[in-house]
Structures are given as structure tokens and as C-alpha cells.
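Descriptive analysis of the structure
Residue-level listing of the chains:
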Amino acid sequence: MNTPLINTVLSLLFIVISGFLFTEVPTPFLVILAGLSFLNLFLGKFYKKLNGLVANILAAVSLIALFVLVGVSDTVKLFVSMMLLASNFKLLQAKTVKQYQTVCLLVFFNLSTVYLFHQGLFETLVVSVLYIVNFAVLGYLTSPQSFKAANKQSFKTILLALPIAAFLILFLPKIPAFWQLPGPKLAKTGLSEQVNPFSIAKLAESDDLVFRVEQQPGQAIQAPYYWRSLIHDEFNGSDWLISDILKSQQFNPIRRTITQSNSVNYQVIAEPSSSSWLFALGFAHSTNSDVHATYNGLLKRKGNLNKNIKYAVISSEATLSLNGFEKRLYTRLPKTTNPQTTALAKELAAKHENAQGYFNALLNYFNQQQFAYTLTPTPMYGDNTLDQFVFDTKRGFCGHYASTAAFMFRVAGYPARVVSGYLGGEQTKAATLNIYQYDAHAWVEVFFDQKWHIFDATAVVAPERLNGSLSQLGDLNESFNDNLNFGLKRWSHFKAINWLRIQLEELDYKWTNWVLTFDQESQQSLFDSLFGNKSAWLTPLVVLGTLLLSFTGYFLYSKRPVRSSDPLVDDITKLYQWAKKQGHSPLDTNTPLQNIALIKQQIPSSKPYLNEFEQIIVEVRYQQQSYTQNRKNRVRVLLNSLKTAK
Amino acid sequence: MNSTIQLIIDDLSTVIFGKQQQIKLSLTCLFSEGHLLIEDLPGMGKTTLSHALAAVLGLSYQRIQFTSDLLPSDILGTNIFDAKEHSFSFHQGPVFSQVVLGDEINRAGPKTQSALLEAMEEKQVTVDSVKHALPSPFFVIATQNPVHQSGTYPLPESQLDRFFMRISLGFPDKHAEKNLILGLNNRNYDDLPVRINPEQLTVIQKEINTVTISNAVVDYILELVAYTRQDNHFVNPLSPRASIALARAAKSWAYIEGRDFVMPEDVQAVFPSVTDHRLGLNAGDSGYALKHVPVSL
């Protein structure tokens with residue numbers, strides 16, 4: 001057993017697995033995990049093992065660090081971290097083949113946990129490679145082959161198993177899980193219930209995909225795309241929050257009579273997030289059973305989004321009316337706050353008597369007062385941040401404008417609220433839009449003329465922002481890229497990289513769309529399309545039949561005569577097979593020449609051909625000459641002549 | 001076949017009738033620098049064959065008749081006090097010869113047997129802490145009566161292993177025996193022509209070293225040896241020394257056959273002689289293994 005090699009490979013596997021937890025586990029704990037793996041690497045290289053006492057102390061310290069750093073609130077994360085920690089220690093302790101086998105088994109579990117957090121194509125590919133390597137280590141532990149050969153064998157085996165796995169995914173009846181793992185609480189940067197002007201600017205640093213939209217043929221949705229996600233109706237002086245009243249409405253959907261016009265249908269594939277909020281345009285509802293629409297036309301899911309889901313959306317404009325309570329709710333403001341902005345709002349309102357006039361005046365104000373759109377706004381502190389923004393800095397992100405505008409509408413007595421969600425989307429192919437974290441946006445909805453109207457100061461401050469994604473905003477391109485974390489997106493101004501990025505996005509989209517969202521419903525529709533109304537009894541029959549057929553096939557395959565790596569041996573075997581057909585059985589305890597002598601004796605007509613064959617066998621097998629193409633061809637001719645000779 | 005070797009075989013065949021195979025095996029053993037054990041009932045021509053072998057190879061020759069009262073010093077030699085010189089001088093025993101025939105080796109006591117076996121292994125003898133080198137080449141041809149006969153001390157397995165080969169002559173066929181009765185065989189070994197001298201013997205041994213043995217044949221040897229080690233087929237499985245001997249014997253056999261490469265047939269030809277005594281079987285019994293181990297293609 002090549003212990004240093006096995007140790008190195010297993011340690012590297014643990015390092016990669018830990019890498020996958022980068023966004024999930026606190027960095028200090030990751031450092032501990034990586035430290036253990038590197039310790040394994042180091043000790044393995046010198047055939048050393050840790051002293052028992054030292055190992056125990058290290059384990060105790062790591063365990064305390066685990067509880068302190070990871071905490072106990074998120075049980076999934078806690079158990080995943082604990083298992084990774086324990087596996088690392090098991091490797092530190094492993095000496096015998098049996099112990100290394102146990103570590104390999106643990107690696108399989110650890111690898112599977114990656115899927116709790118990441119289900120993308122890239123992660124799947126990497127995890128698949130790690131599976132192959134781990135299988136290879138397992139094989140290498142007990143067989144004398146080289147590690148390279150073990151990897152090859154492992155790859156072949158997994159490749160053979162793939163069709164069966166694909167078949168099982170497609171056809172094995174999907175029954176709802178009778179037990180459920182609590183979904184991991186993903187600490188993704190996402191929208192929060194509290195809109196602070198700075199928090200959205202922070203989202204622009206992430207190029208994580210949030211959701212994709214598939215448009216229906218002939219039902220292209222028109223830009224600008226305001227993907228609504230949350231409504232904030234309460235202003236506390238600095239932040240916009242979701243009031244308890246609104247929360248109660250959101251949790252108890254009430255059917256209200258609305259007049260719908262211009263409805264548009266599309267599908268959304270949402271990536272996992274830490275919240276239950278979904279994304280949709282306008283006033284939306286969904287036909288999916290686990291997605292429900294709220295009182296205000298937002299979409300919501302019962303639990304947190306732990307995996308990719310796909311849902312259908314019908315969006316429309318809604319005509320409605322507000323009752324007195326709602327009017328009060330949407331015009332509430334703290335008593336003394338931002339006096340300058342309050343004065344400005346009152347002044348503007350006095351000049352324009354109706355809502356539309358005030359709406360336009362506000363837009364004009366933002367347009368004419370040299371406000372600028374920036375990803376790096378000047379930090380503002382103190383009580384009257386809106387005043388500082390409007391009269392002092394005049395440079396802000398969407399959150400600043402939305403916050404200010406909603407405030408000013410309320411001062412003027414018009415019902416208004418801040419909506420957060422995403423604006424825009426990148427068109428990757430004809431009917432698909434990709435929406436990334438940096439597209440996060442906040443805007444205002446103001447009520448007049450029996451409708452909620454979108455008021456977005458961005459429209460006048462940075463009009464291009466409305467048509468497409470933030471990444472496509474020319475003026476901000478440089479600061480946008482500087483702001484982004486490392487990723488292909490950053491380099492998208494290089495044509496080749498951008499092309500590659502789009503291809504990868506496309507591949508990832510297909511993966512998500514085909515594999516991850518293939519649920520019970522999709523399966524049923526597949527069965528129906530394949531077997532029609534007979535699917536109830538035909539499906540299990542086909543599944544059983546195919547499985548039986550594949551196992552029979554595999555059984556026959558494994559029993560097939562194995563071709564040796566030596567072509568001469570194959571040719572001698574062919575001669576023996578021919579002799580058997582003639583009724584003469586060569587003995588395997590005879591030497592080839594003895595058998596050939598027997599055949600010559602029994603089939604005299606074969607003599608001239610076999611004499612030459614004999615000569616070639618002696619030259620190649622015993623005189624160690626090479627089995628050249630000439631010799632091969634000659635042997636083929638001899639064998640063919642034998643078959644035709646009478 | 002090598003013409004000189006053919007002549008040697010022909011010459012020996014005038015002494016021992018109808019035993020060409022055994023003669024070839026004996027030569028194989030001597031060409032491989034091994035010691036030969038000939039086992040058979042008394043009166044089967046063991047001594048005759050060994051005499052003739054020594055004569056044909058043109059080497060100095062001594063015969064020791066092993067008896068139960070034979071002492072190690074009777075074989076190795078002894079220090080004798082020289083009254084004139086006032087010192088001990090070493091008087092060489094019969095072992096100081098290029099070919100030593102140990103006749104009926106298993107009739108001597110273990111101590112005497114082991115004195116000879118040490119000489120075989122070390123190619124030197126130690127008397128009173130002084131080492132004396134034996135001549136080169138040095139071959140021991142020992143004959144042995146079957147173990148079940150009275151008055152014999154069986155050779156221990158470890159000592160049997162020192163013999164490169166064991167052959168058995170077996171009864172002659174009717175025709176050969178008739179010729180023996182009629183006295184048609186050559187009984188005078190001294191009349192046998194000397195076909196090779198020690199230098200030529202060294203050349204042959206060097207040439208045998210250059211005989212090639214392919215992987216296919218080595219694999220076959222390994223499988224045969226592995227077979228003796230599994231499933232308790234045999235009480236004494238073959239040691240690596242045995243597998244090396246097997247390969248060397250097969251090379252010598254191939255050389256005698258006039259080839260410079262080994263074939264599985266060569267291995268099969270020498271296998272029983274090289275392995276039977278090591279496995280603790282009667283002569284020819286290891287053919288069982290040959291019948292069960294497939295030949296690597």
C-alpha cells in the first residue's frame with residue numbers, strides 16, 4: 001500500500017470539499033479544516049502519525065471551535081462541518097487498509113453534502129471527478145494496480161453506471177420523501193426585509209445568478225423588467241421596513257377582486273436562496289401548487305428556497321382601490337425627520353395639485369438638480385440621511401432615490417411604498433433572461449388613478465439602466481467591474497471570454513432546467529407523453545423490463561471472453577476455437593506447440609499452415625521478436641486458409 | 001542438437017542402455033553447475049552412470065562409498081603430525097576432486113552427510129578452522145537407495161534442496177536388459193573417449209547463461225511454482241531457490257537441444273527432476289502439477 005499517495009489524495013479531496021463550503025462556513029473554521037488537511041499531507045509524506053494525546057487535544061480544541069464558530073442554530077451546517085472535521089481526524093489516525101477504507105467511505109458522505117449547498121453544473125462536474133478519484137483510491141487500496149490505472153478503471157465503471165443512473169432518475173417513480181432534512185440556511189447576499197440604501201449597493205458586488213426567466217413563444221415581456229420581490233411600507237427615519245400589518249397580509253393571501261388586463265405568461269427558475277420570496281413582474285399569481293400570491297401580487301413559497309425551483313407566472317396590471325386604512329398605512333411617516341426634504345416635498349406639492357403633476361415634478365427635480373447614479377455612494381450618518389442625500393451629496397444608488405422619493409410622496413399625502421427586487425436581466429438566448437445579484441434594485445410604487453405607478457428616479461438619473469442589466473450600463477462599467485468579485489463576468493469585455501461565459505451560462509441553464517427541476521410533475525408529464533393513458537401500468541413494466549434487460553446485458557458482458565492485451569495470444573485462441581469446432585479440443589496444460597502438434601496429427605490438411613504458425617509463435621513468444629504487422633497479417637492469412645482448407 | 005553434446009550422449013549410451021533421457025538430464029544438471037542425486041534400487045546402474053559421466057567430462061574423479069561408520073574426516077581429509085617438520089600438515093580427503101561420486105550417500109550418518117553437503121554448498125572445506133578451497137569445477141554426484149531400505153539415513157529436506165536435480169534410472173526395457181546380459185555394453189569406463197576438457201565445460205556454462213528466457217516462459221515457471229504453494233497440494237512447496245533452478249535447468253536443456261531460447265517444453269522436461277526431491281515426492285510424481293497448470297500462451 002502506497003500510504004503517502006493515498007494520504008495525499010485523500011487530504012486533497014478534503015481540501016476541495018472544504019473549498020465548497022467557502023461561502024457557508026465561517027472562514028476561521030475553514031482555516032482549521034484546511035490546517036488539518038495540510039497536516040495530513042505533511043505527516044503522510046513522512047509516514048508519520050500524530051501522537052494520540054496531541055490528536056485528542058487537537059480534536060477537543062477543534063470541536064470547541066466548531067460550536068463557537070459555526071454555532072448550533074443551523075443544524076445542517078453544523079452537521080456537515082462536524083462530519084468534515086471528524087473525517088479529517090479519521091484520516092489523521094488511519095494506518096491500516098481498513099481504516100483508509102473507512103475514510104474513503106466518509107469522503108463519499110462528505111461529497112454528497114456538497115449538493116446540500118450547490119447544485120450547479122460546475123459543482124456537479126467537480127464532485128463527479130472527486131467521486132472517480134475516491135473510487136480509485138478505494139480500488140487502489142486493495143489491488144496492486146497503479147493509481148493511474150485505478151482512476152481509469154473507476155472512470156470506466158462510473159461511465160458504465162451513468163446510463164442506469166439517468167434511467168433511474170427519469171423513470172423510477174418519484175415518491176415524496178417520508179423524512180425531510182431541514183434545508184440549510186444559506187447565508188447568501190440577497191434582498192432583505194429592511195431596505196437600507198447601502199445594503200443594495202453591496203449586492204452589486206456579487207455576480208451570483210438569482211433566477212432565470214423563460215419567456216413563452218409570442219409572449220415576449222417588455223422592458224423595463226421590474227421584478228418585484230418585497231414591499232416595504234414602513235419608514236423608521238432611516239430604513240424602509242415591512243410592517244407587521246403587511247406581513248400578516250402576506251402570510252394570509254386574500255383573494256381580492258382585481259381587473260386584469262394585458263396578462264403575460266412566463267416561467268421562472270429560481271436559484272436557492274435564504275428566503276421564501278420569489279420574483280415576478282407586476283401583479284402576479286402562479287399555477288404552481290407550492291407558490292402562492294400575496295395580497296399585493298407578490299409571489300411567495302411556503303418554506304425557504306433550498307433548491308432550484310421552476311414556477312409558472314401570470315403577470316398583469318391590476319386596477320384596484322385603496323380603503324382608508326390602506327391609505328393611512330401608505331402615508332405614515334415618523335413625526336420629525338428630514339426637515340429639509342419635508343419642506344422641499346411640501347413646496348413641490350403646493351405647486352402641483354394632482355398626483356401625476358407631483359410625480360412629474362419629482363422626476364424633473366431629480367433630473368435637473370444634477371443627481372448622479374453611483375455604485376460607491378458617499379456614506380451618510382446621523383438622523384437626517386435623506387436631507388444629506390438630497391441637498392448635499394446628490395450621488396446615490398437606487399436605494400437612495402427610492403427611499404427619498406417614497407418619503408417625499410408620503411409627505412405630500414400620496415400613498416407610496418418602496419419595492420425591492422431586481423431590475424433588468426441579461427438576454428442569453430432568444431427567450432431567456434438571466435438575472436444576477438448585481439441587478440438588485442429598489443424603486444417606489446405610488447398610488448393614484450386606481451393603480452400603483454412605478455416611480456424610479458433611476459429612469460431620469462441613469463436612463464440606460466432600465467433597458468437591460470446593470471452590467472451593460474456603459475457609464476458604470478468600470479466601477480461595476482471593480483466592484484465585482486472575481487468571476488468571468490469581470491472579464492466580459494474580452495470577446496472570447498464573454499462568449500465562453502455565455503456558453504457556460506447556457507449549459508448551466510440547460511442543466512438546471514433539465515435535471516434539477518425534474519420533479520414528480522415533470523415525470524408524470526413525461527410518462528403521459530410516452531405512454532398516454534396507459535402510463536399507470538405500462539410505466540412500471542417498462543422500468544422493470546429495462547432494468548432486467550440491462551442487468552442481463554451486464555451479466556453477459558461480464559462473462560464475455562476477455563481479449564488479452566497480446567494480439568498473438570488472441571490469434572492462438574482463435575486457432576484453438578477453430579480446432580474445437582472441428583471436434584478436437586486442445587488442452588490448456590499443453591504448450592501451444594504441443595497442441596499444434598496434436599491438431600496437425602488429427603487434421604493432416606492443416607499441417608502446412610500450422611508449421612508456419614508454429615514458427616511465428618516460437619519467434620514471437622520465445623525468441624522475443626515483435627509481433628509485427630507482417631507477422632499479424634501472415635497469421636490472419638494462415639487462419640483463414642485453415643478454415644477454407646479441406 | 002549440439003554435436004559435441006550428442007557425441008557425449010552417444011558415448012554414455014554405450015554404457016547405460018536405453019536411458020537417453022536420464023543421460024540428458026544428468027548433463028543438464030552438470031552444465032547448470034548443480035549437484036546431481038541419482039536415486040534408485042541397488043543394481044540399476046547408478047554408480048555406472050556416475051562413473052561414465054565423470055570419465056566423459058574428462059575431470060579428476062574420486063569415489064566415496066558411504067557406509068554407516070564413515071567419518072567426516074574420511075571425506076574431507078585430516079591434519080597429521082609430521083614428526084620431521086614438527087608441525088601438522090593437511091592431508092586432503094577424496095572430496096578434493098573435480099567430480100566426487102558419493103555412492104549410497106544415505107547409508108552414512110547425518111554428520112558425515114552434512115560434511116559433504118557443506119562442501120557442495122561452499123565449494124570449500126574447513127578443517128581445524130582452516131579453510132581449504134575445492135577444485136573447480138566441482139560436482140558432486142550422489143547416489144541414494146530408496147529411503148524405505150534398511151540401514152539408510154534419509155537426507156533432510158534442507159539438504160535435499162542443495163541437490164540441483166534428482167533423477168531415477170528405472171528398470172531397463174527388455175531389449176536393453178538382454179543386451180546387458182549378453183555383455184554388449186561398454187563396462188570399461190576408462191575406454192570412453194574424453195569429449196570435453198574443463199575449459200570447454202566453462203565455455204558451455206557461459207553460453208548457457210546467454211540463453212534467453214521469455215516472459216511467457218517465466219510466467220509459466222511462476223505458475224507452476226505457485227501451484228505447489230496453494231491448497232496444500234504438496235507438503236513442501238517450492239522455494240525461490242527451486243524456481244531459479246528450474247529456469248536454469250530449462251536453459252541448459254534448451255542448450256542441449258541446440259537452441260538459444262527456452263520454450264515451455266524445456267520447463268516441462270526438467271520440472272520433475274528439479275522439483276520432485278524438493279517437494280518430497282517419488283520420482284515423476286510432480287507430473288501431477290504439469291497436468292494441472294495451464295501453459296501461459
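Residues numbered from 1 in each chain as written. Chains lettered and ligands numbered in written order. Predicted model: local features only at pLDDT ≥ 70, side-chain atom pairs only at ≥ 80, totals over all residues. Heavy atoms only, no water.

1. Regarding the sheet that holds strand β13 (residues 416-423) of chain A
All names here are of chain A. Heads up, the condition is: Only strands that DSSP links by at least two bridges are regarded as paired with each other. Secondary structure is summarised from DSSP: a helix means a run of H or I of at least four residues, a strand means a run of E of at least two, and numbering begins at the N terminus for each. Contacts were defined at the residue level, with two residues in contact if any of their heavy atoms lie within 4.5 Å. What counts as an axis is a line fitted to C-alpha atoms, over the stretch in contact for a helix, and the angles between N-to-C directions run from 0 to 180 degrees.
The strand order β6-β2-β13-β16-β17 describes an open sheet built from five strands, whose pairing is antiparallel. On the outer flanks of this sheet lie β6 (280-281) and β17 (451-455), each paired with one strand and no other. When strand β2 (residues 226-232) meets β6, the two strands line up antiparallel, connected through two bridges. Each residue of the ladder has a partner; that of R228, found in β6, is A280. Across the sheet, helix α12 (residues 355-368) lies against β16 (440-448) and β17, angled at about 10 degrees from β17, the strand it touches most. Against the sheet, helix α14 (residues 398-411) touches β13, β16 and β17, its axis set at about 15 degrees to β16.

2. A few points about the sheet that holds strand β9 (residues 165-167) of chain B
Sheet strands associate in pairs through backbone hydrogen bonding, adopting either a parallel or an antiparallel arrangement. Residues and elements named next belong to chain B. Overall, parallel pairing links the five strands, which are arranged β2-β5-β8-β1-β9 in an open sheet. Strands with a single pairing partner mark the edges of an open sheet, and in this sheet they are β2 (61-65) and β9. Averaged over all pairs of adjacent strands, the angle between their axes in this sheet comes to 20 degrees, without regard to strand direction. Here strand β5 (residues 99-103) pairs with strand β8 (residues 139-144) via four bridges, running parallel. Residue pairing in the sheet places G102 in a bridge with A142 of β8.

3. Some words on the pairing of strand β1 (residues 209-215) of chain A
Residue and element names in this part refer to chain A. Cut-off, in case you're wondering: The buried label goes to any residue with under 20% of its type's maximum accessible area, the exposed label to any with over 50%, and the partly exposed label to all in between, with areas taken from a 1.4 Å probe on protein chains only.
Along β1, seven of the seven residues are buried, which leaves the element largely enclosed by surrounding structure. Relative to strand β15 (residues 432-436), β1 is paired through five bridges, and the arrangement is antiparallel. In the strand pairing of β15, E214 is matched with T432.

4. As for helix α2 (residues 27-45) of chain A
Side chains three or four residues apart in an α-helix point the same way, a direct result of the helix having 3.6 residues per turn. Residue and element names in this part refer to chain A. Going by this rule: Between the first and last residue of a helix there are one fewer steps than residues, each counted as 1.5 Å, and that sum is the expected span. An arc is given here, and it is the one of the directions from the helix axis to the C-beta atoms.
With 19 residues, α2 extends 27 Å between its outermost C-alpha atoms, agreeing within 8% with the 27 Å of an ideal straight helix rising 1.5 Å per residue. The set of residues buried in α2 consists of F29, L30, L33, L36, S37, N40, L43 and G44. Seen from one end, α2 has its buried residues packed into an arc of 160 degrees, which puts them on one side. The exposed set on the far side of α2, more than 90 degrees from its buried face, consists of V31 and K45. The inward-facing, buried residues of α2 abut α1 (3-20), α3 (52-69) and α4 (75-93).

5. Concerning the packing of helix α22 (residues 607-622) of chain A against helix α23 (residues 629-644) of chain A
All names here are of chain A. Keep this limit in mind: We call two directions roughly parallel when the angle between them is under 35 degrees, roughly antiparallel when it is over 145, roughly perpendicular when it lies between 65 and 115, and oblique otherwise. Here a crossing is called left-handed whenever its near helix is offset anticlockwise from the far helix by less than a right angle, and right-handed whenever the offset is clockwise. All amino acids are sorted into three groups, where Ala, Val, Leu, Ile, Met, Phe, Trp, Tyr, Cys and Pro are nonpolar, Asp, Glu, Lys and Arg are charged, and the leftover types, Gly among them, are polar.
At a closest axis distance of 10 Å, the pairing of α22 and α23 adopts a crossing angle of 150 degrees. Here α23 runs roughly antiparallel to α22, going by the angle between their axes. Considering the relative orientation of α22 and α23, their crossing is left-handed. On α23, the residues that touch Y609, L610, E612, F613, I616, E619 and V620 of α22 are R631, R634, V635, L638, L639, S641 and L642. For the contact of α22 with α23, a count of residues per class yields nine nonpolar, one polar and four charged.

6. Structural notes on unusual backbone geometry
Residues and elements named next belong to chain B. With an omega of -10 degrees, the peptide bond running from S136 to P137 counts as cis. Structurally, P137 can be placed in the loop between β7 (130-133) and β8. Of note in the backbone geometry, H86 takes a positive phi value of approximately 60 degrees without being a glycine. For H86, the location among the structural elements is in the loop between β3 (77-82) and β4 (87-92).

7. Side note on the nonpolar core
How we decide: In plain words, nonpolar cores are sets of buried Ala, Val, Leu, Ile, Met, Phe, Trp, Tyr and Cys residues tied together by side-chain atoms within 4.5 Å.
L575 and F613 of chain A together with L27, F31, M165, V267 and V270 of chain B are the most contacted members of the largest nonpolar core, which totals 89 residues. Grouped together as the second largest cluster of nonpolar side chains are 41 residues, V9, V80, L84 and L130 of chain A included.

8. Quick notes on the interface of chain A and chain B
Note on interface size: it is often stated as the accessible area lost on association of the parts. Note the cut-off: Buried area is understood as the total, over both parts, of accessible area removed when two parts are fitted together, assessed with a 1.4 Å probe. Salt bridges are defined by distance alone: a side-chain nitrogen of Lys or Arg within 4 Å of a carboxyl oxygen of Asp or Glu. Identification of polar contacts relies on pairs of N or O atoms within 3.5 Å, with a donor-acceptor requirement for protein atoms, meaning one able to donate a hydrogen and the other able to accept it, and with residues adjacent in sequence counted only if both atoms are side-chain atoms.
Each partner contributes residues to the interface: chain A has 16 residues there, and chain B has 20 residues. For the pairing of chain A and chain B, the buried interface totals around 1,400 Å² over both sides, and the portion due to carbon and sulfur atoms is 62%. Our enumeration of links across chain A and chain B arrives at zero salt bridges. Between the two partners, chain A and chain B, sit four residue pairs in polar contact (both at pLDDT 80 or more). The biggest single contributor to the side of chain A that touches chain B is helix α20 (residues 567-581) of chain A, with four residues.

9. Let's talk about a positive patch on the surface
Residues and elements named next belong to chain A. Which entries qualify depends on this criterion: Patches were defined on residues exceeding 30% relative accessible area and lacking a salt bridge, with like-charge contacts within 9 Å and nonpolar side-chain contacts (Val, Leu, Ile, Met, Phe, Trp, Tyr) within 5 Å. Only the protein chains shown count as cover for residues, with accessible areas throughout obtained via the Shrake-Rupley method and a probe of 1.4 Å. In this charge count, Lys and Arg are treated as positive and Asp and Glu as negative; neither His nor the chain ends contribute. Think of each charge as sitting on NZ of Lys, CZ of Arg, CG of Asp or CD of Glu.
A surface patch of positive charge is lined by K148, K152, K156 and R560. Assignment of secondary structure puts R560 in the loop between α19 (535-559) and α20. Judged by relative accessible area, R560 falls into the partly exposed class, the value being 38%.

10. Looking at helix α18 (residues 520-531) of chain A
All names here are of chain A. Taking 1.5 Å per residue, 12 residues should reach 16 Å; α18 reaches 16 Å between its end C-alpha atoms and fits that length. All of the buried residues along α18 are Q523, F527 and F531. Looking straight down α18, one finds that the buried residues subtend no more than 40 degrees of arc, so they occupy a single side. Opposite the buried face of α18, by more than 90 degrees, sit the exposed residues E521 and S529. Those residues of α18 that are buried are in contact with α7 (147-171) and α19. Just past α18, the residue G532 takes up positive phi, approximately 60 degrees.

11. Some words on the pattern of salt bridges
Applying the stated criterion across every chain, the model contains 25 salt bridges over all chains. E271 of chain A is the partner of R212 of chain A in a salt bridge, and the nearest nitrogen-oxygen pair spans 3.8 Å. A residue pair is termed long-range when its members are at least 10 positions apart, and R212 of chain A in strand β1 and E271 of chain A in the loop between β5 (259-270) and β6 qualify at 59 residues. With relative accessibility at 17%, the residue E271 of chain A sits in the buried group. A salt bridge links E39 of chain B to R166 of chain B; its shortest N-O distance comes to 3.6 Å. A residue pair is termed long-range when its members are at least 10 positions apart, and E39 of chain B in strand β1 (residues 36-39) and R166 of chain B in strand β9 qualify at 127 residues. We classify E39 of chain B as buried; its relative accessible area is 13%. Beyond isolated ion pairs, a larger network of salt bridges with shared partners links R212, E271 and D508 of chain A.

12. A word on the packing of aromatic side chains
Residues and elements named next belong to chain A. As a reminder of what qualifies: Any pair of Phe, Tyr and Trp rings, taking the six-membered ring for Trp, is counted once the centres come within 6.5 Å. Such a pair is stacked with planes under 30 degrees apart, edge-to-face with planes over 60 apart, and tilted for the rest. Sitting over a ring, as applied to charges here, requires NZ of Lys or CZ of Arg to be within 6 Å of the ring centre and within 35 degrees of the ring normal.
Under the definition given, this model contains 30 aromatic pairs over all chains. Considering the side-chain rings of F359 and F455, the 5.1 Å spacing of their centres and the 90 degrees angle between planes classify their relative orientation as edge-to-face. Remark: F455 occurs in strand β17 and F359 occurs in helix α12; sequence separation between them is 96 residues. According to the relative accessible area criterion, F455 is buried, its value standing at 1%. Judged by centre distance (5.1 Å) and plane angle (65 degrees), the rings of F447 and W452 are edge-to-face. For the residue pair F447 and W452, the accessibility class agrees, reading buried in each case. In this structure, K300 packs its charged tip against the face of W277, placed 5.0 Å from the ring centre. One Lys or Arg, K394, reaches over the ring of F371 and ends 5.6 Å from the middle of that ring.

13. Some details on a nonpolar patch on the surface
Residues and elements named next belong to chain A. Together, W499, L500, L504 and L507 give the surface a local cluster of nonpolar side chains, amounting to about 410 Å² of exposed area. Tracing the backbone shows L507 in helix α17 (residues 495-516). Owing to a relative accessible area of 48%, L507 belongs among the partly exposed residues under this scheme.

14. Focus on the side chain of H277 of chain B
Residues and elements named next belong to chain B. Tracing the backbone shows H277 in helix α11 (residues 264-279). A relative accessible area of 2% places H277 in the buried class. Polar side-chain contacts of H277 include one of 3.4 Å to the backbone oxygen of L160. Reaching out from H277, the side chain makes a polar contact with the backbone oxygen of F163 at a distance of 2.7 Å. Other than its neighbours up to four places away in sequence, H277 contacts L160, F163, F164, M165 and R166.

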